[in-house]
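# Per-entry structural report
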Amino acid sequence: MTSDLRFRDAMTQDLPAIVDLLADDALGRKREAPGLPLHPGYEAAFEAIDRDGNQRLLVAEKDGKIVGTLQISFLPGLSHKGGWRGQIESVRIAASLRGTGIGGRFLEHAIDLCRERGCHLVQLTTDKQRDDARRFYESLGFVASHEGMKRPV
């Protein structure tokens, strides 16, 4: 089922499909604004990501349709002897294709990109309300080793 799948960097024309994916769950519906015209913040964010060599916005494409997205931030740090980390965020797979193996392949592709960049660690966060996502990440070898905290500004 996943043999015609490809992963690539996102392009501006992919933004409506990416926003649709981000909005396609209970949490995303509360914070995203799908539909045309797109909120101008999406285009501004895309341009910033696209210009930054330490950012990658990826899409998964199947049969010419965007069916997944994720973002990788490559983070330098002084700890771990100056080791780099790959931070994976905003992972989404089309609801109709969850459980088909696409998400696992997409995450392994992202991990390979982090490895190629010399990262010693790949990390991600998931909302505590996303039990299925947590189980999925654990099945790929991710460990809930830290407690994350956020504060709106």
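Note: the structure precedes this text.
All of the points below concern the structure found in this document. (Residues numbered from 1 in each chain as written. Predicted model: local features only at pLDDT ≥ 70, side-chain atom pairs only at ≥ 80, totals over all residues. Heavy atoms only, no water.)

Looking now at the sheet that holds strand S5 (residues 119–124). The strand order across the open sheet formed by five strands is S1-S2-S3-S4-S5, and the pairing between neighbours is mixed. A strand with exactly one partner marks an edge of an open sheet, and here the two such strands are strand S1 (5–9) and S5. Neighbour-to-neighbour, the strand axes of this sheet turn through a mean angle of 25°, independent of strand direction. Both S1 and strand S2 (residues 55–62) contribute to a ladder of five bridges, which runs antiparallel. From the neighbouring strand, Leu5 faces S2, where its bridge partner is Lys62. (Pairing = 2+ DSSP bridges. Helix = DSSP H or I, 4+ residues; strand = E, 2+ residues; numbered from the N terminus. Axes fitted to C-alpha atoms, helices over the stretch in contact; angles between N-to-C directions.)

Here the focus is the packing of aromatic side chains. A complete count under the given rule lists three aromatic pairs for this structure. Judged by centre distance (6.1 Å) and plane angle (75°), the rings of Tyr137 and Phe142 are edge-to-face. Among the residues examined, Phe142 registers a relative accessible area of 15% and is labelled buried. Put simply, the rings of Phe136, Tyr137 and Phe142 touch in pairs and so form one group of aromatic residues. One cation-aromatic arrangement involves Arg117 over Phe74; the distance from NZ or CZ to the ring centre is 4.2 Å. (Phe/Tyr/Trp six-rings, centres within 6.5 Å; stacked < 30°, edge-to-face > 60°. Buried < 20%, exposed > 50% of the residue type's maximum accessible area, 1.4 Å probe, protein only. Lys NZ or Arg CZ within 6 Å of the ring centre and 35° of its normal.)

Between Leu36 and the following residue, Pro37, the backbone shows a cis peptide bond with an omega angle of -5°. On the secondary structure map, Pro37 appears in the loop between helix H2 (26–31) and helix H3 (40–51). Although it is not a glycine, Asp63 sits at a positive phi angle of roughly 55°. By secondary structure assignment, the location of Asp63 is in the loop between S2 and strand S3 (65–75). Positioned with a positive phi, His80 is a non-glycine residue whose angle comes to about 60°. Assignment of secondary structure puts His80 in helix H4 (residues 79–82). Classification of His80 as exposed rests on a relative accessible area of 52%.

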